[in-house]
Amino acid sequence: MNRIYKGAISVVITLLLSWNVAALEVTLGSAWQGVSAGKDGWGNGEASFAISSSEATVRIDKAGTENYHIQLKRPSLKLKKSQEYLVEFTISANHPTTALVIVQKDYDDYAPFFIEEFEVGTEPQSFSYRFKMPKKDNNSAYSLLLGDAKPGTEFTVRAIRLSDQ
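Residues numbered from 1 in each chain as written. Predicted model: local features only at pLDDT ≥ 70, side-chain atom pairs only at ≥ 80, totals over all residues. Heavy atoms only, no water.

Take the sheet that holds strand β5 (residues 70-79) next. Strand order in the open sheet formed by 5 strands is β2-β5-β10-β7-β8, and the pairing between neighbours is antiparallel. In the strand order of this sheet, the two ends are held by β2 (33-36) and β8 (112-120), each with one partner. Strand-to-strand, the axes of this sheet are offset by a mean angle of 25°, without reference to chain direction. Here β2 pairs with β5 via 4 bridges, running antiparallel. (Pairing = 2+ DSSP bridges. Helix = DSSP H or I, 4+ residues; strand = E, 2+ residues; numbered from the N terminus. Axes fitted to C-alpha atoms, helices over the stretch in contact; angles between N-to-C directions.)

Under the counting rule described, the total for this entry stands at 10 aromatic pairs. Between Phe-89 and Phe-118, the ring centres sit 5.0 Å apart and the planes meet at 55°, which makes this aromatic pair tilted. Here the residue Phe-89 occupies a position in strand β6 (residues 84-93), and Phe-118 occupies one in strand β8, the gap between them amounting to 29 residues. For the pair Phe-127 and Tyr-129, a centre-to-centre distance of 6.4 Å together with 15° between the ring planes defines the contact as stacked. (Phe/Tyr/Trp six-rings, centres within 6.5 Å; stacked < 30°, edge-to-face > 60°.)

Here we come to the pairing of strand β11 (residues 154-164). Pairing between strand β1 (residues 25-27) and β11: 3 bridges, direction antiparallel. Residue pairing in the sheet places Val-26 in a bridge with Leu-162 of β11. As paired strands, strand β4 (residues 55-62) and β11 are joined by 5 bridges and run antiparallel to one another. Its bridge partner lying in β11, Thr-57 is registered against Thr-156. Where β6 meets β11, 8 bridges bridge the pair, whose relative direction is antiparallel. Each bridged residue has a counterpart across the sheet, and for Ile-91 the counterpart in β11 is Val-157.

The next point concerns a negative patch on the surface. Together, Glu-66, Glu-116, Glu-117, Glu-119 and Asp-148 make up a region of like negative charge exposed at the surface. Mapped onto the elements, Glu-117 comes out in strand β8. (Patch = residues over 30% accessible without salt bridge, like charges linked within 9 Å, V, L, I, M, F, W, Y side chains within 5 Å. Areas by Shrake-Rupley, 256 points an atom, 1.4 Å probe, with all protein chains shown as cover. Salt bridge = Lys/Arg side-chain N within 4 Å of Asp/Glu carboxyl O. Lys, Arg positive; Asp, Glu negative; His and termini not counted. Charge placed at Lys NZ, Arg CZ, Asp CG, Glu CD.)

Turning to the pattern of salt bridges, a few remarks are in order. In this structure the tally under the stated criterion is 8 salt bridges. The salt bridge partner of Glu-55 is Arg-158, with a shortest N-O separation of 2.6 Å. Taken together, the residues span a long stretch of sequence, with Glu-55 in strand β4 and Arg-158 in strand β11 at a distance of 103 residues. Since its relative accessible area comes to 38%, Arg-158 is described here as partly exposed. Salt bridges sharing common partners tie together Glu-25, Glu-88 and Arg-161. (Buried < 20%, exposed > 50% of the residue type's maximum accessible area, 1.4 Å probe, protein only.)

Once that is clear, we can look at unusual backbone geometry. For Ser-76, which is not glycine, the phi torsion reads 65° and is therefore positive. One non-glycine residue, Tyr-110, lies in positive phi territory at about 55°. Among the structural elements, Tyr-110 can be located in the loop between β7 (97-105) and β8.

Phe-89, Ile-91, Phe-118, Tyr-142, Leu-144 and Leu-162 are the most contacted members of the largest nonpolar core, which totals 36 residues. At the level of elements, β4, β5, β6, β7, β8, β9 (125-132), β10 (137-145) and β11 are the ones that each hand at least two residues to this core. With 5 residues, the top contributor of residues to this core is β6. Residues within four places of Phe-89 in sequence aside, it is in contact with Val-101, Phe-118, Gln-125, Ser-126, Phe-127, Tyr-129, Tyr-142, Leu-144, Arg-158, Ala-159 and Ile-160. (Core = buried A, V, L, I, M, F, W, Y, C linked by side-chain atoms within 4.5 Å. Contact = heavy atoms within 4.5 Å.)

Written out as structure tokens, the structure reads:
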């Protein structure tokens, strides 16, 4: 009987460890995309992007008429109803400007689940926001909307992260 009890504890611990590994943790890397609507043929903002596992650089070549015409975007996220999420990033630019962070549907009406405008300065500044997901969505995106910046603006983004809490 003692052996069965120890075996059950081992199974529970293994399940708990597996559950923690399955938690959502989105950081910089190859799954991130640069969206440049002018180059993609559906808008007029244009930018160049360099994305690595530790830093993303976005250079505005032509401002968009809409802030979403230039984005640093992580698509294909599966988000759970009533789950609390933490959005974090560190950003700077060579010119002060405004930008938006958004978590939204990545289809149809692109409705936001979370959106916040923030000021970008010339020194790196860290931002952190929490939001509760109002409904389940299996095709969401986490993006920084940078299309309002003037041409020549260069953004540096580090420590970008979305995690469940």
